[in-house]
Each structure stands twice: as structure tokens, then as C-alpha cells.
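Observations on the model geometry
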Amino acid sequence: MSPAPPFGRLLTAMVTPFTDDGALDCTGAAELATYLVDELGHDGLVISGTTGESPTTSDAEKTALLEAVVDAVGDRCHVLAGVGTFDTAHTLRLAAAAEKADAAGLLVVTPYYSRPPQSGLLAHFRAVADGTGLPVMLYDIPHRSGVPIATDTLLALADHERIVAVKDAKGDLQGSARVMAETGLAYYAGDDALTLPLLSVGGVGVVGTSTHFSGVGMSRLIDAFVGGDPVTALEWHRRLLPIFTGVFVTQGCIMVKAGLRLQARGNGRLRPPMPPATETETASLRASLRAAGLPTGPA
């Protein structure tokens, strides 16, 4: 049996809107969050993740963004704050600010670039969990961070009462299946296209990127599988596969903002070093949306 999903089943790592002059757009963030929750049926949102361009926002901007989203939708969805950095002390400061801003939980990515050994990862995650009263979702994404959270490390971390979930973007279904079999950790797919495979070995849901567009269909996929109808779940997986993969033609934040702009839900503005989508990338995304039966905005 899979554990109860602590943050619901359908979550999105939300992009961070910016104004035309590059400032943080809290009004736009509140509007986007409301759309994702009220129209696409999200159970939760992750703010200031990689898709939210967290490396380019200040600590003060992260807090302002979180407060705006919590105020907009915090009464009807789980709002998680991305607080992971490569500095344990900095991560603890961000965690404290998120708790004060009424986040429902924390997303804590593996410390990146410095590539600490597993003993360092164990100490880092435990320190963060010890320093907060919020539930923690670990983010295992070695192709960005440079180091995976080893299976034995995950098994050890599962003993902490506030470490409750994993956003799994490692692509090791065998290892993930073992952790799920031996612990109560709730596993969320961190790769949209692997949502159904992860569900099949005990996962509980997804923290998605393409779900800025595919939320309704992804919810139906998950509900079908959880409800004992894997055939329908597979049908939804195949229907949505073009956008699951199409949104990653380049970095997810670039493509999501291009897609939202197509739908007149934003200006597509990113902060350097992230460039806007090219005409070719935008055309490819439009084709992916159409192939998945999703709105593409005006032709």
C-alpha cells in the first residue's frame, strides 16, 4: 500500500512571473496560482523551485512571492516553499522565513555544485528537518545537483519524523521502489513522463512542470490509477506524452513561460541567464500542446 499523500497528489513547480522590467510580479503570481488551483485542480504548488528560477531571486523576493501565493490559494491547496541551497545555514534561514510565511511544507534539494558525500547529505537534510516545524520533501535530482541521494541515505533519512516525502527525478525506479517498500516516504514523480511508472511501484503523485497545462489530464491519470483503472491511466499517459516531453525541449521554465504567453497568461519574461524561447522552440511547444489536445492560444 502506498502511504497517504501528505501534500495531495497533483502539484506543480510554479514559474515565477516577472514584470516587463524584470521585477518580481506578485500580482501575476497570485493570478497564476489561482488559475492552477481553481481551474486546473491542483492540490499543491511548489514556489521557488528550479522552474521558479530560484537562483535569480533574492531571499526577500522568495518571501514576498511565497506570501502572495499563500494569501491567494493557501486556504485551498498546499503551498510548499523551495528552500534548498548548497549552504546548510542559508537553507535553515530560508526554512525559517518560509515557516513564518505559513508555508505548508518545504522542498529541499540536494546541495548542488559542491557535491558533498553521503555523510554530508545526511547531516544537511537532518539539520534542516531539525530546524523547522514543517514537513519536508527531499528533492533528488542528480543531473542538476551533481550527486544523488543514495538509497541507503534515503532509508536513514526516512526515520526523521518531519522528512515525509521525496520529489524523485533520479530515474532509478528500482532504488525508489526499494525505499517505498521499506519506509513510509511518499514519492512524487519529478519527471512528468515517469508519473505513471512511479505510481505503479508505490508513488503517490507528481510535482510537475508540464502540469501548468496538463493539470486536468494528469489528475485524471492519477485518479484512474489510484481508483484501480490502469487502462484508463495508460490512455491518459499516452495522450499527454507529447507535452510531458515537449515542455523539456529546453529548460522547463523557458518553455512553460512560452506556453503561458501563448495562452495570454504572462509576458514570458525570464531573468538572465535564462533566455526567452526561440521561435522554433515556441512552434515546437505549440505543436506539443496541440498533440496533447491542450489549448494553445490564438494561432
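Residues numbered from 1 in each chain as written. Predicted model: local features only at pLDDT ≥ 70, side-chain atom pairs only at ≥ 80, totals over all residues. Heavy atoms only, no water.

Per an unreviewed UniProt entry, the chain carries the name 4-hydroxy-tetrahydrodipicolinate synthase and comes from Microlunatus aurantiacus. The Function (unreviewed entry) comment attached to the chain in UniProt states, word for word, "Catalyzes the condensation of (S)-aspartate-beta-semialdehyde [(S)-ASA] and pyruvate to 4-hydroxy-tetrahydrodipicolinate (HTPA)." UniProt lists a comment for the chain under the heading Subunit (unreviewed entry), and it reads "Homotetramer; dimer of dimers." (UniProt positions renumbered as here; feature names shortened; annotations may be inferred.)

One closed barrel accounts for 8 strands, arranged β1-β2-β3-β4-β5-β6-β7-β8; its pairing is parallel. Recorded for the sheet is a direction-independent mean angle of 25° between the axes of neighbouring strands. Here 3 bridges tie strand β1 (residues 10–13) to strand β8 (residues 205–208), and the two strands are oriented parallel to one another. Bridge pairing in β8 places Thr-12 opposite Gly-208. (Pairing = 2+ DSSP bridges. Helix = DSSP H or I, 4+ residues; strand = E, 2+ residues; numbered from the N terminus. Axes fitted to C-alpha atoms, helices over the stretch in contact; angles between N-to-C directions.)

What follows deals with the UniProt feature "active site" (unreviewed entry) in the chain. Residues given the UniProt feature "active site" (unreviewed entry) here are Tyr-139 and Lys-167. The named residues occupy 29 residues along the chain; their greatest pairwise C-alpha distance, 4.7 Å, places them in one compact cluster. Its location among the elements puts Tyr-139 in strand β5 (residues 136–140). What Tyr-139 contacts, discounting residues up to four positions off in sequence, is Thr-50, Leu-107, Val-108, Val-109, Thr-110, Ile-149, Lys-167 and Ala-169. You can call Lys-167 buried: its relative accessible area is 4%. (Contact = heavy atoms within 4.5 Å. Buried < 20%, exposed > 50% of the residue type's maximum accessible area, 1.4 Å probe, protein only.)

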